Amino acid sequence: MIKPPKLTPGDSVATVSLSWGGPSVFPQRYQSGVQQLEKEFGLHIVEMQNTLKDAGWLARNPKARADDFMQAFADPSIKGIIATIGGEDSIRLLPFIDLNVIHDHPKIFMGYSDTTLSHLMCYKAGLVTFYGPGMMAEFAENGGMFPYMVRSLRQ
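This report concerns the structure included in the present document.

Structural notes on the overall build of the chain
Helix and strand counts for the chain stand at seven helices and five strands. Against the compact-globule benchmark of 15 Å for 155 residues, the chain has a radius of gyration of 14 Å, which places it among compact chains. Projecting the C-alpha coordinates of the chain onto the three principal axes gives extents of approximately 40 × 35 × 25 Å. Counting all 155 residues of the chain, 50% fall into the buried class. Within the chain, counting contacts between residues at least 6 apart in sequence, those at least 24 apart form 75% of the total. Just so you have it, the chain exposes about 7600 Å², and 56% of that area is on carbon and sulfur atoms. Of the charged side chains in the chain, 14 are positive and 15 negative, and the gap between their average positions amounts to 4 Å.

Structure below.
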C-alpha cells in the first residue's frame, strides 16, 4: 500500500463533489469549511471544475464528477483531495475511474459516508486513504473545528 505524503502549510488541496452537490445548495456552509481549513492548517483550497456546480446538474453528470476526481489526482500541484460531503450517488462514477491515475499520483484523499466507494477505489489502486471529515459537515460546523479533530488530523 502506498501512503501519501503528509500535507504541509501552503499545500493546495482540491475539493470534489463526488456524490451530492451540496456546495450549490448551501454555499455559505461550504465557504465556512474552506475558511476553517485555510485558517487552521494553512492550506490553499482549490475547487475542481465541477465542485460548485448546481446539485441537479451534478446528479445528471457522474462523468463530470469522476473527471474532477481524476484531474485532482493527476495534477501535480494538488497535494490532497477532500470530498465536500457524502450523499448517495457516487456508485455511478465507477465506469469513469482510472485506477492507474490514482496509483501513479498518490496523495491524501479524505471524505466519509457515500465517499466510502471512492476510498475502496483508492484501496484497489493501492493507496492508503483517510476516512474522515468532509468540507460541509465537520470542517464547517460550530464556527471552528473541535480541538480533538484538529489534533487527530495533524497526526
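Next comes the rest of the description.
Focus: the packing of aromatic side chains
Evaluated as defined, the whole model comprises three aromatic pairs. Note on F69 and F73: the rings are 5.1 Å apart at their centroids and 80° apart in plane angle, and the pair reads as edge-to-face. Remark: F73 and F69 occur in helix α4 (residues 62-74); sequence separation between them is four residues, near one turn of the helix. Pair check on accessibility: F69 and F73 agree, each one buried. Taken together through their ring pairs, the aromatic side chains of F69, F73 and F109 make up a single cluster. Here the guanidinium or amino end of K53 rests over the ring plane of W57, the centre of that ring lying 4.4 Å away.

A few points about the pattern of salt bridges
What the rule picks out here adds up to three salt bridges. For K63, the salt bridge goes to D67, with nearest N and O atoms at 3.1 Å. Taken as a pair, K63 and D67 lie in helix α4 at a separation of four residues, close to a single helical turn. Note on D67: relative accessible area 24%, which makes it partly exposed. Two residues, D89 and R92, come together in a salt bridge whose shortest N-O distance is 3.0 Å. Using a relative accessible area of 16% as the deciding quantity, one classes D89 as buried.

Quick notes on the layout of surface pockets
In this structure, the largest pocket encloses a volume near 490 Å³. What lines the largest pocket is a set of 18 residues, among which K6, L7, I108, L153 and R154 lie closest to the centre. Every element with two or more residues in the lining of the largest pocket is listed here: α2 (27-41), β4 (108-111) and α7 (147-154). Among the residues forming the lining of the largest pocket, the class breakdown is twelve nonpolar, three polar and three charged.

What counts and how
Residues numbered from 1 in each chain as written. Predicted model: local features only at pLDDT ≥ 70, side-chain atom pairs only at ≥ 80, totals over all residues. Heavy atoms only, no water. Helix = DSSP H or I, 4+ residues; strand = E, 2+ residues; numbered from the N terminus. Rg over C-alpha atoms; globule rule 2.2 N^0.38 Å. Buried < 20%, exposed > 50% of the residue type's maximum accessible area, 1.4 Å probe, protein only. Contact = heavy atoms within 4.5 Å. Areas by Shrake-Rupley, 256 points an atom, 1.4 Å probe, with all protein chains shown as cover. Lys, Arg positive; Asp, Glu negative; His and termini not counted. Charge placed at Lys NZ, Arg CZ, Asp CG, Glu CD. Phe/Tyr/Trp six-rings, centres within 6.5 Å; stacked < 30°, edge-to-face > 60°. Lys NZ or Arg CZ within 6 Å of the ring centre and 35° of its normal. Salt bridge = Lys/Arg side-chain N within 4 Å of Asp/Glu carboxyl O. 1 Å grid on protein atoms, 1.4 Å probe; cavity = no way out; pocket = protein on both sides within 12 Å on 5 of 7 lines; lining within 4 Å. Points joined across faces, edges and corners; volume = space filled by probe spheres on them. Nonpolar A, V, L, I, M, F, W, Y, C, P; charged D, E, K, R; others polar.

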